[in-house]
Amino acid sequence: MTFVNWARNQSGTPAEVRTPASVADVVRAVRDAAASGRRVRMVGTGHSFTGVALTDGIMLRPAALTGIRSCAGDRVTVLAGTPLRVLNELLDERGLALANMGDITEQTVAGAIQTGTHGTGRDSGGLADQVAELELVLADGSVATVSPGDDLFDAARVGLGALGVLTAVTFRAEPAFLLRHRRRKLPLSEILGSLDALTSANEHLDFFWLPHTDACLVKTGNRDAGPARPPGAVRWWLDNVFLENTVFGAACALGARVPRLIPRINEVSAAVLGDSESVDASYKIFTARRDVRFLEMEYAVPRERLAQALRETRDLVERMDWKITFPVEVRVTPPSDAWLSTAYGRPSAYVACHVYRPTPNPAYFAGVEEIMTRLDGRPHWGKLHTRDAASLAGAYPRFADFQALRDRLDPRRLFGNAYLDVVLG
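Residues numbered from 1 in each chain as written. Predicted model: local features only at pLDDT ≥ 70, side-chain atom pairs only at ≥ 80, totals over all residues. Heavy atoms only, no water.

A. Representation of the packing of helix α10 (residues 306-320) against helix α11 (residues 362-374) in the model. At their nearest, the axes of α10 and α11 sit 10 Å apart, and the two run at 150° to each other. When the axis of α10 is compared with that of α11, the two are roughly antiparallel. Here α10 runs over α11; the crossing is right-handed. Every residue of α11 that contacts α10 at Q308, A309, E312, T313, L316 and V317 is listed here: Y364, G367, V368, I371, M372 and R374. Class assignment of the residues belonging to the contact of α10 with α11 gives a composition of 7 nonpolar, 3 polar and 2 charged. (Axes fitted to C-alpha atoms, helices over the stretch in contact; angles between N-to-C directions. Helix = DSSP H or I, 4+ residues; strand = E, 2+ residues; numbered from the N terminus. Parallel < 35°, antiparallel > 145°, perpendicular 65-115°, else oblique. Left-handed = near helix turned anticlockwise from the far one by under 90°. Contact = heavy atoms within 4.5 Å. Nonpolar A, V, L, I, M, F, W, Y, C, P; charged D, E, K, R; others polar.)

The structure is reproduced here in structure tokens:
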């Protein structure tokens, strides 16, 4: 069986595929791999753009390793293969929610945490920052449960699957809450001069700049006492299905056929951006539907360098005369203490560049990467980049500690693959 990721830019054929339904099944797979000299990796749903999930050995598909194992107070233990969209519903049924999350919900819990998936938050960090405990199977076949105070906890929360196979995660949840969601159109030139004010005034800020225009779609989310005022079914369909997916997909396809039209297409898209406001369950506000396939590079830069990163990216696109259909997305997070979190030790801003899947543009990504690297940026582990261990070592204060822990726990690289060989050495 050949594994192909969502973007269809990564594929691999493992020697064997297993579908574990218990921790014991994972232990058996790890021990079998070690005994036969093969490697082993657990994959999620393929929403990483890199080869982080691939293996030529035993591939574990966790479709049967799902659901909530236990729920006590604000501690919820969920099995590693549970899709985030299912977790949201299970939490909501119990009157609970996560403080923050990314906008895609197809990933598994383990896959999202291990690659450093984040949302946007002034005060609340990514998924790894909401973890209270991890259960993982180590290279010797033992099962470890780790919590704050243990180096393995801070290393393995964003561990790239390099330290063990994650089998369960305990989250710190909180009572379910409502968010007031506001969408509005603002000029990029205005945003660049008011980033600090925008960030400090909103619990959650997410904005999209349309290349070749000065237009941004700004989305803010702030807690609201209610009552809920969800968007009507027609309005939701119009914004989230028709405009952001159907029409946008058609625009991308037209731009791919006639690239010179892309600036005009983006101008038309900017013209139809409208303001709206709603109040709804937090997980419904955090998440979005993404049907148009794309390739993505995302970098985390120190928050204070965001304006410079955006100006240089805008100037680069215009100088090189690249025709870019997809918006550039910007989000923010507070510092993280997970060793390989892209937000480790500093308030961070994320700049995500996308291209339509049928029309890759490696030069665009290379140019943006040069800017972000120069501004002390760190690449998202699940998104396209060309950094290696030598360059990443200077970007992460605990990188050498992570490598040393990996050497001790997995000296034979049972959990290794080609991607990890590059980024971890």
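B. Up close: the pattern of salt bridges. Inspection of the entire model under this criterion finds 31 salt bridges. Residue R157 is joined to D337 by a salt bridge in which the shortest nitrogen-to-oxygen separation is 2.9 Å. Pair noted here: R157 is in the loop between α4 (151-156) and β11 (165-172) and D337 is in the loop between β18 (328-333) and β19 (348-356), with a separation of 180 residues, a long-range link. Taking the shortest distance from any N to any O, the salt bridge between E298 and K383 comes out at 3.0 Å. Taken together, the residues E298 in strand β17 (residues 294-302) and K383 in the loop between β20 (378-379) and α12 (389-393) connect sequence positions 85 residues apart. Overlapping salt bridges bring together D103, R183, K219, E244 and R290 as one network. (Salt bridge = Lys/Arg side-chain N within 4 Å of Asp/Glu carboxyl O.)

C. Examining the pairing of strand β13 (residues 178-187) more closely. In terms of strand pairing, β13 meets strand β15 (residues 215-224) through 10 bridges, oriented antiparallel. Note that in β15 the partner of K185 across the bridge is L217. Bridge analysis of β13 against strand β16 (residues 276-281) gives 6 bridges, and the strand direction is antiparallel. Bridge pairing in β16 places R182 opposite E277. (Pairing = 2+ DSSP bridges.)

D. View of the pairing of β19. Most of β19 sits out of view: 9 of its 9 residues are buried. Here β19 shows two buried faces, one formed by S348, Y350, A352, H354 and Y356 and the other by A349, V351, C353 and V355. The sheet contact formed by β18 and β19 spans 5 bridges and is antiparallel. Pairing of V330 across the sheet is with V351, part of β19. (Buried < 20%, exposed > 50% of the residue type's maximum accessible area, 1.4 Å probe, protein only.)

E. Highlighting the nonpolar core. Counting residues in each nonpolar core, the largest one holds 58 residues, and the members touching the most others are V169, F171, L340, W381 and L424. Aside from chain neighbours lying at most four places away, what touches L340 is V158, L160, W381, Y396, F399, F402 and L424. Ranked by size, the runner-up nonpolar core spans 45 residues in total, among them W6, L205, A307 and L310. (Core = buried A, V, L, I, M, F, W, Y, C linked by side-chain atoms within 4.5 Å.)

F. The side chain of Q130, seen in detail. With respect to the helices and strands, Q130 occurs in the loop between α3 (109-114) and β9 (131-137). At 2.8 Å, the side chain of Q130 and the backbone oxygen of N100 are in polar contact. Beyond its immediate stretch of four places on either side in the chain, Q130 contacts L98, A99, N100, G125, T170, F171 and R172. (Polar contact = N/O pair within 3.5 Å; in protein donor to acceptor, adjacent residues only side chain to side chain.)

G. Local environment of the packing of aromatic side chains. The tally for this structure, following the rule as stated, stands at 9 aromatic pairs. Here F248 and F326 contribute two aromatic rings whose centre-to-centre distance is 4.7 Å and whose plane-to-plane angle is 85°, an arrangement assigned as edge-to-face. Of the two residues, F248 sits in helix α7 (residues 233-257) while F326 sits in the loop between α10 and β18, which places them 78 residues apart along the sequence. Considering the side-chain rings of F294 and F326, the 5.6 Å spacing of their centres and the 55° angle between planes classify their relative orientation as tilted. Taken together, the residues span a long stretch of sequence, with F294 in strand β17 and F326 in the loop between α10 and β18 at a distance of 32 residues. Judged by relative accessible area, which is 7%, F326 ranks as buried. Of note, R223 hangs over the ring of F177, and the distance from its end group to the ring centre comes to 3.6 Å. Here the basic side chain of R378 rests over the ring of Y396, its NZ or CZ set 4.9 Å away from the ring centre. (Phe/Tyr/Trp six-rings, centres within 6.5 Å; stacked < 30°, edge-to-face > 60°. Lys NZ or Arg CZ within 6 Å of the ring centre and 35° of its normal.)

H. Spatial organisation of the sheet that holds strand β6 (residues 68-72). Judged by pairing direction, the sheet is antiparallel, and its 5 strands sit side by side in the order β6-β7-β11-β9-β10 without closing on themselves. Every interior strand has two partners, whereas the edge strands, β6 and β10 (143-146), have only one. The sheet shows a mean angle of 10° between the axes of neighbouring strands, direction not considered. Sheet topology note: the β6/strand β7 (residues 75-79) ladder contains 4 bridges and is antiparallel.

I. Region of interest: the side chain of R41. Among the secondary structure elements, R41 is positioned in strand β4 (residues 40-42). Buried within the structure, R41 lacks any salt-bridge partner; D410 is the closest side chain of opposite charge, at an N-O distance of 7.5 Å. Among the polar contacts listed, one links the side chain of R41 to the backbone oxygen of V52, at a separation of 2.5 Å. At a separation of 2.9 Å, a polar atom in the side chain of R41 contacts the main-chain carbonyl oxygen of F415. (Lys, Arg positive; Asp, Glu negative; His and termini not counted.)

J. Summary view of the sheet that holds strand β5 (residues 58-60). With respect to topology, 3 strands assemble into an open sheet ordered β3-β5-β4, the strand pairing being parallel. Single-partner strands in this sheet number two, and they are β3 (16-18) and β4. Taking each pair of neighbouring strands and ignoring which way they run, the sheet shows an average axis angle of 20°. Pairing geometry for β3 and β5, over 3 bridges, is parallel. If you follow V17 over to β5, its bridge partner there is M59. Contacts from helix α1 (residues 23-36) reach β3, β4 and β5 within the one sheet, and its direction differs from that of β5 by about 165°.

This is a description of form; function is not addressed.
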